[in-house]
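The primary structure of each chain is shown beneath.
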Amino acid sequence: MGDCIFCKIANGEIPAATLYEDEDFRVILDLGPGSKGHSLVLPKAHYANIYEMPDELLGKAMAVAKKAAAGLVKGLEADGLNVIQNNGLTAGQTVFHFHMHLIPRYEGKEEVIGWTPGTLTDEDKEEILAKVKI
Ligand code: AMP
Ligand code: ZN
């Protein structure tokens, strides 16, 4: 993927503030952080989204996210951390190279993510259970 910015960052062609690197991944600081320490887990190989990621690499991504999350929370004395991963424009994905957001959270600081809980209706429940085959 010649013009993919995250390919270039993950593989060191474009410099980024790197917290962690191994054979398959680089963890960098997000340039538009939602909170102090907001980081991104980037695979070095190009996959646009979660559906394209091979299962084994996805498993490794989660293990890297765990390690980086623990380091962020400890180092920055955060009170919690959200792991977020967007797929598709409608879901907020703006860079189409798979990545996981690690967003440290601090007691008393404003919300950086959230939604208004609705109600699971019987109609929706039946429809979803009938339509979704995993
Ligand atoms: P998403 O909206 O899930 O695709 O997330 C893309 C994220 O990448 C956003 O949080 C951006 O702030 C971040 N971002 C975009 N370009 C860069 C860059 N060159 N270095 C670091 N973070 C970036
Ligand atoms: Zn890429």
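**Q** Looking at this model, I keep getting lost on the pattern of salt bridges. Mind explaining?
**A** For side chains of opposite charge, pairing can occur when their charged atoms come near one another. Counted by the stated rule, this structure contains six salt bridges. A salt bridge links Glu21 to Lys44; the shortest N-O distance between them is 2.7 Å. With a gap of 23 residues between them, Glu21 in strand β1 (residues 18-21) and Lys44 in the loop between β3 (39-43) and α2 (55-76) connect regions that are remote in the sequence. For Lys44, a relative accessible area of 17% corresponds to the buried category. Salt-bridge contacts for Glu111 lead to Arg105; the nearest nitrogen and oxygen are separated by 3.3 Å. The exposed category is assigned to Glu111, whose relative accessible area is 60%. Connected through shared salt-bridge partners, Glu21, Arg26 and Lys44 make up one network.

**Q** Help me out: how do you make sense of the coordination of the zinc ion (ligand 2) in this one?
**A** By definition of the ideal shapes, four donors in a tetrahedron about a metal sit 109.5 degrees apart, and six donors in an octahedron sit 90 or 180 degrees apart. Cys4 (SG), Cys7 (SG), His46 (ND1) and His97 (ND1) make up the full set of protein donors to the zinc ion (ligand 2), lying at 2.0 to 2.3 Å. For the zinc ion (ligand 2), the four donor atoms are set out with angles of 106 to 117° between them, so the coordination reads as tetrahedral. Coordination of the zinc ion (ligand 2) draws on donor residues from a single chain, spaced C-x2-C-x38-H-x50-H in sequence. Taken together, the positions of Cys4 in the segment before α1 (5-10) and His97 in the loop between β4 (80-84) and β5 (100-105) put the pair 93 residues apart, joining distant regions of the chain. Exposure remark for Cys4: the relative accessible area of 8% places this residue in the buried category. Using a relative accessible area of 0% as the deciding quantity, one classes His97 as buried.

**Q** Got a minute to help me understand the nonpolar core in this structure?
**A** One recurring pattern in soluble globular proteins is that nonpolar side chains are buried together. Membership of the largest hydrophobic core comes to 13 residues, with the highest contact counts inside it found for Phe25, Val41, Ala61, Met100 and Leu102. Within the residue set of this core, elements represented by two or more residues are β2 (25-29), α2 and β5. Top element by residues in this core is α2. It accounts for six residues. Ignoring any residue separated from it by four or fewer positions in sequence, one finds Met100 in contact with Ser39, Leu40, Val41, Ala61, Met62, Ala65, Val83, Ile84 and Gln85. Cys4, Cys7, Ile9 and Ile28 belong to the second-largest nonpolar core, a separate cluster that totals nine residues.

**Q** Help me understand the pairing of β3, please; the structure alone is not making it clear to me.
**A** Working note: regular strand, side chains alternate between the two faces of the sheet. Of all five residues that make up β3, five are buried, and the element is covered over most of its length. By the alternation rule, side chains of β3 split into Ser39, Val41 and Pro43 and Leu40 and Leu42, which are all buried. Summarising the sheet, β2 and β3 pair through five bridges and their orientation is antiparallel. Within β3, the position partnered with Ile28 by the bridge is Leu40. As paired elements, β3 and β5 share three bridges and run antiparallel to each other. Directly across from Leu40, in β5, lies its bridge partner His101.

The rules we used
Residues numbered from 1 in each chain as written. Chains lettered and ligands numbered in written order. Predicted model: local features only at pLDDT ≥ 70, side-chain atom pairs only at ≥ 80, totals over all residues. Heavy atoms only, no water. Salt bridge = Lys/Arg side-chain N within 4 Å of Asp/Glu carboxyl O. Helix = DSSP H or I, 4+ residues; strand = E, 2+ residues; numbered from the N terminus. Buried < 20%, exposed > 50% of the residue type's maximum accessible area, 1.4 Å probe, protein only. Donors = N, O, S within 2.8 Å, 3.2 Å for Na, K, Ca; no water. Tetrahedral: all angles 85-135°; square planar, octahedral: opposite > 155°, others 65-115°. Core = buried A, V, L, I, M, F, W, Y, C linked by side-chain atoms within 4.5 Å. Contact = heavy atoms within 4.5 Å. Pairing = 2+ DSSP bridges.

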